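# Summary of structural features
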Amino acid sequence: MSRETDTVKLLKTLLGSYNPSGKEVERLAGVAKLNKLYLAYLRRVGDSLRDEHIREEARYKWFTRNAAEVVGLLESIAATYALYKFRRPFEHVSVDLDILVRVEDVPRAVRTLVSRGFRVIVWEPYTVTLARGGFIVDLYTHPSFAWVVYMDGGRLLDCCVEEVDVGDLVAKALSREAEVAVAAAHAVYKEHLVLLMDCLVAWSWLNKRTWDIAAEHRVEESLEMLLKTCSLIRNNLVEAPCRLKPSIMLRAYMGKLVNDPLIRGTLLNIAKYITSRRDIGEKIVSRITRKSY
């Protein structure tokens with residue numbers, strides 16, 4: 001029998017069928033961090049990393065409290081929105097709060113957040129980033145990378161929104177089925193990396209409706225690539241995060257360009273994006289060498 005990877009050991013720990021011990025506890029903690037599963041992991045081995053567990057739980061409460069405040073502000077102005085890349089099978093502390101917002105609601109949303117102490121960090125064609133005291137909010141009109149749109153945010157808001165609890169508030173968020181399609185497209189087209197968290201999203205919530213959403217947004221190929229990569233991860237063949245090979249990325253982009261007029265219509269924005277960045281060389285090196293995102 002082949003030796004189990006650290007990723008599979010982490011997965012089994014999260015599912016309750018494995019108990020790491022000794023130095024393995026801290027090693028798997030590092031793997032959990034890279035895969036956005038640190039809080040879930042600490043909840044399984046909390047006694048072994050008690051101080052870290054306490055700190056991460058405090059961070060989770062802080063994030064949830066801030067997220068609930070932002071949701072309340074968007075509800076107060078009757079904005080059309082949905083929490084995006086938010087729902088996960090395991091609770092986690094995100095680096096930022098991603099929200100899909102109607103194009104026409106962005107100015108009001110920004111003004112409202114600024115009135116509560118947020119400041120605009122970046123205002124780009126399809127994203128506005130705001131921050132306050134270390135808490136970051138990204139308002140998206142469309143899922144995109146380098147000013148290139150790979151899914152239609154408006155159509156997602158039309159078809160795939162449900163109510164969820166955030167703190168003591170009821171918020172609007174993408175449906176679980178939509179989150180699977182979004183996770184696949186985000187991993188393949190934007191990040192070029194598959195995390196174990198992406199796999200858990202797919203394994204937990206994939207269904208026929210997911211395939212329908214993927215087909216509507218022409219991201220079926222990214223969903224297929226995600227599932228194949230997750231199969232490799234689960235079968236001890238690769239570790240996660242797993243960097244997608246250049247040949248896979250080329251096939252993904254070519255397929256998307258052939259089938260999706262939305263990405264073709266925004267493709268030339270890449271040139272504008274590159275010329276607007278003084279640190280573009282550093283960003284490229286960082287994306288090539290990073291282990292996670």
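Here we summarise the structure given alongside this text. (Residues numbered from 1 in each chain as written. Predicted model: local features only at pLDDT ≥ 70, side-chain atom pairs only at ≥ 80, totals over all residues. Heavy atoms only, no water.)

Now for the state of the cysteines. Across all of its chains, the model carries two disulfides by this definition. With a sulfur-sulfur separation of 2.3 Å, C159 is cross-linked through a disulfide to C160. Between C159 and C160 the sulfur-sulfur dihedral comes to about -60 degrees; the bridge is accordingly left-handed. For C159, a relative accessible area of 33% puts it in the partly exposed group. Of the residues examined, C160 reaches a relative accessible area of 2% and is grouped as buried. Disulfide pairing places C199 opposite C230 at an S-S distance of 2.1 Å. (Disulfide = S-S within 2.5 Å. Buried < 20%, exposed > 50% of the residue type's maximum accessible area, 1.4 Å probe, protein only.)

On to the pattern of salt bridges. Counting across every chain of the model gives 21 salt bridges. Two residues, R27 and E24, come together in a salt bridge whose shortest N-O distance is 3.8 Å. Taken together, the residues R27 and E24, both in helix α2 (residues 23-34) and three residues apart, mark about one turn of the helix. The structure contains a network of salt bridges with shared partners spanning D6, K9, E24 and R27. (Salt bridge = Lys/Arg side-chain N within 4 Å of Asp/Glu carboxyl O. Helix = DSSP H or I, 4+ residues; strand = E, 2+ residues; numbered from the N terminus.)

Looking at helix α5 (residues 106-115), one finds that the buried residues are V106, A109, V110, T112 and L113. All buried residues of α5 lie within an arc of 165 degrees about the axis, which places them on one face of the element. Every exposed residue of α5 that faces more than 90 degrees away from the buried side is listed here: R111 and S115. Elements that come into contact with the buried residues of α5 comprise α4 (50-76), β2 (97-101), β3 (119-123), β4 (127-132) and β5 (135-140). With its phi angle positive at about 100 degrees, G117 sits one or two positions after the end of α5. (Arc of directions from axis to C-beta. Contact = heavy atoms within 4.5 Å.)

A few words on the pairing of strand β8 (residues 161-166). In the case of a regular strand, side chains alternate between the two sheet surfaces. Pairing geometry for β8 and strand β9 (residues 169-174), over six bridges, is antiparallel. If you follow V164 over to β9, its bridge partner there is A171. Adjacent in sequence and paired antiparallel, β8 and β9 are bridged by two residues, among which G167 carries a positive phi angle near 65 degrees. (Pairing = 2+ DSSP bridges.)

Taken N-terminus to C-terminus, the directions of helix α8 (residues 196-205) and helix α10 (residues 220-234) make an angle of 110 degrees; their axes are 10 Å apart at the nearest point. Regarding the angle of α8 to α10, the classification is roughly perpendicular. Between α8, through L196, D198, C199, A202 and W203, and α10, the contact on the second element is made entirely by L226, L227, C230, I233 and R234. Here the residues of the contact of α8 with α10 are counted per class, giving eight nonpolar, no polar and two charged. (Axes fitted to C-alpha atoms, helices over the stretch in contact; angles between N-to-C directions. Parallel < 35°, antiparallel > 145°, perpendicular 65-115°, else oblique. Nonpolar A, V, L, I, M, F, W, Y, C, P; charged D, E, K, R; others polar.)

Scanning the model with the defined rule gives nine aromatic pairs in all. Ring geometry for Y84 against Y140: centres 5.3 Å apart, planes inclined by 65 degrees, an arrangement best described as edge-to-face. You can see Y84 sitting in the loop between β1 (81-83) and β2 and its partner Y140 sitting in strand β5, a full 56 residues away along the chain. With a relative accessible area of 1%, Y84 lands in the buried category. Through a chain of ring-to-ring contacts, three or more aromatic side chains come together here, namely W62, F63, F118 and F135. Its end group placed over the ring of Y38, K33 keeps NZ or CZ at 4.8 Å from the ring centre. (Phe/Tyr/Trp six-rings, centres within 6.5 Å; stacked < 30°, edge-to-face > 60°. Lys NZ or Arg CZ within 6 Å of the ring centre and 35° of its normal.)

Attention now moves to the side chain of E57. By secondary structure assignment, the location of E57 is in helix α4. Contacts of E57, omitting those with residues within four sequence positions, involve L39 and R43.

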